[in-house]
Amino acid sequence: MKPKVYIDGKEGTTGLQIYERLGGRDDLELLLIDEDKRKDTEERRRFLNAADIVFLCLPDAAAKEAVGLIENKNTRVIDASTAHRTDPDWDYGFAELSKAHRAAIQGSKRVANPGCHASGFISSVYPLVAQDIVPADFAFTCSSLTGYSGGGKKMIAEYEDENRDPRHDSERIYGLNLKHKHLPEMEYVCGLMQPPVFVPIVGDFYKGMATTVMLPGVDAHRVYEALAKHYEGQKLVTVAPFGGEEPVIYANTLAGHDSLRLIVCGHGEQAIVTALFDNLGKGASGAAVQNMNIMLGLDEATGLTV
């Protein structure tokens, strides 16, 4: 029998993108709730318990409520919200971090899908801390440039409004209280002693992301060698030649793709690592589908654009 899949919150940006990746597949049965009942608790409960795999594309509080509605012990959940990313009872959904992460996802009933900015930071930093290239108490700093789709329907409407604020023509720095919601995830997953100083930036493009970690005092060639070795053989995370393919990096290069590419630049005394990916791909919906594929024992790239 085909696995039954239900997307709770299909009408949101992440949910719609997951649906687009699954809609044409014939190896799954998508359960679709009536539009007029998508906020009906009892109808949602019925669908949540009928599914083999559930994607939660909801605000944090609603995601926690949805988990509470699941009584079927066989229902497996992939939560795209922030709600469970630092919960030790949930498995973190970034298979490329280690063999243990991949094995945990494969057997998991509860997977927390990574955040977009966090995916860029963690893909760069986790291997470096794990291999003692950079200590866990290092004073990490990071900037992350994202397309405006990362802000969901409200921000998309804001940027695509013909009467929009003309300042949207330029980049917008936000999260100025330095307490972005992805920081606990970055610190927890990488095993850091302190959160990084993190500055997110929205640009006037729909999707794409470039997350750059600054590493003063660290040999860039050593960083490159460590990351290239760590991700060798991975399908959806790769490392570019040292210095990248060209002397500039465009944040929307991998828009429309579900893969992530790391670019290491610098010299013997300074390094930067830029994670280049689609905030809606490996940064959200693509990662969620990859996790589902792993949980079902399928090729992890099934239905995805590498």
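Scroll up for the structure.
From a predicted model like this one, the values you see are computed outputs, not experimental measurements.

Asker: Help me out: how do you make sense of the side chain of Thr-13 in this one?
Answerer: Tracing the chain through its elements places Thr-13 in helix H1 (residues 13–22). Non-local contacts of Thr-13, meaning those with residues more than four positions away in its chain, are made with Ser-149, Gly-152, Lys-153, Ile-156 and Leu-280.

Asker: Would you take a moment to explain the layout of surface pockets for this structure?
Answerer: With a probe scaled to a water molecule rolled over the atoms, the places where space remains empty come into view. A volume near 1,100 Å³ is recorded for the largest pocket. Lining the largest pocket are 50 residues, with Thr-13, Thr-14, Cys-57, Leu-58 and Pro-59 sitting closest to its centre. Taken together, the elements giving at least two residues each to the lining of the largest pocket come down to strand S1 (4–8), H1, helix H3 (60–69), helix H5 (116–130), strand S7 (141–147), helix H6 (152–160) and helix H9 (281–295). Considering only residue class, the lining of the largest pocket consists of 17 nonpolar, 20 polar and 13 charged.

Asker: What should I look at first to understand the packing of aromatic side chains in this one?
Answerer: Both the distance between ring centres and the angle between the ring planes are used here to describe each pair of aromatic rings. Applying the stated rule across the entire model yields 6 aromatic pairs. Taken together, a centroid distance of 5.9 Å and an interplanar angle of 80° make the contact between Tyr-224 and Phe-242 edge-to-face. Of this pair, Tyr-224 sits in helix H8 (residues 220–230) while Phe-242 is found in the loop between strand S11 (237–239) and strand S12 (260–266), placing the two residues 18 residues apart along the sequence. When its relative accessible area of 23% is taken as the criterion, Tyr-224 is described as partly exposed. Members of the aromatic cluster, connected to one another through ring pairs, are Phe-121, Phe-138 and Phe-140. One cation-aromatic arrangement involves Lys-10 over Tyr-19; the distance from NZ or CZ to the ring centre is 4.5 Å. The cationic tip of Lys-282 hangs over the ring face of Phe-94; the distance from NZ or CZ to the ring centre is 4.4 Å.

Asker: How do you make sense of the sheet that holds strand S2 (residues 29–31) when you look at a structure like this?
Answerer: Across a sheet, strands are paired by hydrogen bonds formed along the backbone, either parallel or antiparallel in direction. In spatial order, the strands read S2-S1-S3-S4-S6-S5; together these 6 strands make up an open sheet with parallel pairing. The strands lining the two open edges of the sheet, one partner per strand, are S2 and strand S5 (91–92). The strands touched by helix H2 (residues 41–50) are S1, S2 and strand S3 (53–56); relative to S1, the strand with the most contacts, the crossing angle is about 140°. Strands S1, S3, strand S4 (76–79) and strand S6 (110–112) of the sheet are contacted by H3, whose axis makes an angle of about 160° with S3.

Asker: What am I meant to see in the nonpolar core here?
Answerer: The nonpolar side chains of a soluble globular protein tend to be buried with one another. Residues Phe-121, Ile-122, Phe-140, Leu-215, Val-223 and Leu-227 are the most contacted members of the largest nonpolar core, which totals 40 residues. Counting residues per element, this core draws most heavily on H5, which supplies 8 residues. Residues within four places of Phe-140 in sequence aside, it is in contact with Phe-121, Val-125, Val-129, Val-134, Pro-135, Leu-192, Pro-196, Val-197, Val-213 and Leu-215. Core analysis: the second largest hydrophobic core is formed by 19 residues, Ile-18, Ala-95, Leu-236 and Leu-304 among them.

Rules behind the numbers
Residues numbered from 1 in each chain as written. Predicted model: local features only at pLDDT ≥ 70, side-chain atom pairs only at ≥ 80, totals over all residues. Heavy atoms only, no water. Helix = DSSP H or I, 4+ residues; strand = E, 2+ residues; numbered from the N terminus. Contact = heavy atoms within 4.5 Å. 1 Å grid on protein atoms, 1.4 Å probe; cavity = no way out; pocket = protein on both sides within 12 Å on 5 of 7 lines; lining within 4 Å. Points joined across faces, edges and corners; volume = space filled by probe spheres on them. Nonpolar A, V, L, I, M, F, W, Y, C, P; charged D, E, K, R; others polar. Phe/Tyr/Trp six-rings, centres within 6.5 Å; stacked < 30°, edge-to-face > 60°. Buried < 20%, exposed > 50% of the residue type's maximum accessible area, 1.4 Å probe, protein only. Lys NZ or Arg CZ within 6 Å of the ring centre and 35° of its normal. Pairing = 2+ DSSP bridges. Axes fitted to C-alpha atoms, helices over the stretch in contact; angles between N-to-C directions. Core = buried A, V, L, I, M, F, W, Y, C linked by side-chain atoms within 4.5 Å.

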